[in-house]
Amino acid sequence: MPRPFRFWMTGCVAVVLAAVGGTRVVAAERSLQSTASRYNVVETVERIEACARQHGLGIFARMAEPASASTIAPEFSRGQHAVIVFASGQGGTPVLMTAADARPDLALMLYVRDGPSGGVEVLMPNEDWSGLPPDVAHDVAELPRVVAEALA
């Protein structure tokens, strides 16, 4: 359970874009939990977003890239993918850093992509952050349940 060096809630799109822009580069380095979906990328995203709203999470941002635009990390160059950043019920989205020079992490972010061996997979951070305010920690802990319910 890493304790964040720095934590804040943001409503700033520039901060989120900076964090998301770096996630493709570090996706292989991060601890990500993978969940299979029997739906295509678009339907998976729609189902997760609808379920998240029912659980009190808003949609902060949704970004999709065509496969040809992702040349940095080959694992993202096969088929469709999208990134969803959720808003906490507390307002904004939580941003965490493990060190002063670390990339920002978005605790309420999911990757939805065509999997390398077929099918669609949902990737989410696997960190169990300690030291977050209780309401934010609840939202972060709720994300895996939201995904499981949406894909059931």
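Our structure's up above, just so we're on the same page.
Note that the coordinates shown come from a computational prediction; the quantities given were computed from them, not determined experimentally.

1. Examining the nonpolar core
And step 1. Ranked by internal contacts, the top residues of the largest apolar core, which has 27 residues, are Ile48, Leu57, Phe86, Leu110, Val112, Val122 and Val147.
And step 2. Of all the elements in the fold, those that place two or more residues in this core are helix H2 (41-54), strand E4 (81-87), strand E7 (109-114), strand E8 (120-125) and helix H3 (134-151).
And step 3. No other element matches the seven residues that H3 contributes to this core.
And step 4. Residues in contact with Leu110, not counting those within four places in the same chain, are Ile48, Ala82, Val83, Ile84, Phe86, Val122, Leu123, Met124, Leu143 and Val147.

2. Focus: the pattern of salt bridges
And step 1. Scanning the model with the defined rule gives three salt bridges in all.
And step 2. Residues Glu49 and Arg62 are paired through a salt bridge, measuring 2.7 Å at the closest nitrogen-oxygen approach. Here Arg62 lies in strand E3 (residues 58-65) and Glu49 lies in helix H2, a separation of 13 residues in the sequence.
And step 3. Arg62 sits in the exposed class, given a relative accessible area of 53%.

3. Let's talk about the pairing of E8
And step 1. Judged by how many residues are buried, E8 sits mostly within the fold: six of six residues are covered.
And step 2. Here strand E2 (residues 32-37) runs beside E8; their pairing, made up of six bridges, is antiparallel. The partner of Thr35 across the bridge, within E8, is Val122.
And step 3. Strand direction decides the pairing type here: E7 and E8, joined by four bridges, are antiparallel. Looking at E8, one finds that Val112 is bridged to Val122.
And step 4. In sequence, E7 turns back onto E8 through a hairpin of five residues, with Gly118 there showing a positive phi of about 95°.

What counts as what
Residues numbered from 1 in each chain as written. Predicted model: local features only at pLDDT ≥ 70, side-chain atom pairs only at ≥ 80, totals over all residues. Heavy atoms only, no water. Core = buried A, V, L, I, M, F, W, Y, C linked by side-chain atoms within 4.5 Å. Buried < 20%, exposed > 50% of the residue type's maximum accessible area, 1.4 Å probe, protein only. Helix = DSSP H or I, 4+ residues; strand = E, 2+ residues; numbered from the N terminus. Contact = heavy atoms within 4.5 Å. Salt bridge = Lys/Arg side-chain N within 4 Å of Asp/Glu carboxyl O. Pairing = 2+ DSSP bridges.

Any functional reading would require information beyond the geometric quantities listed.
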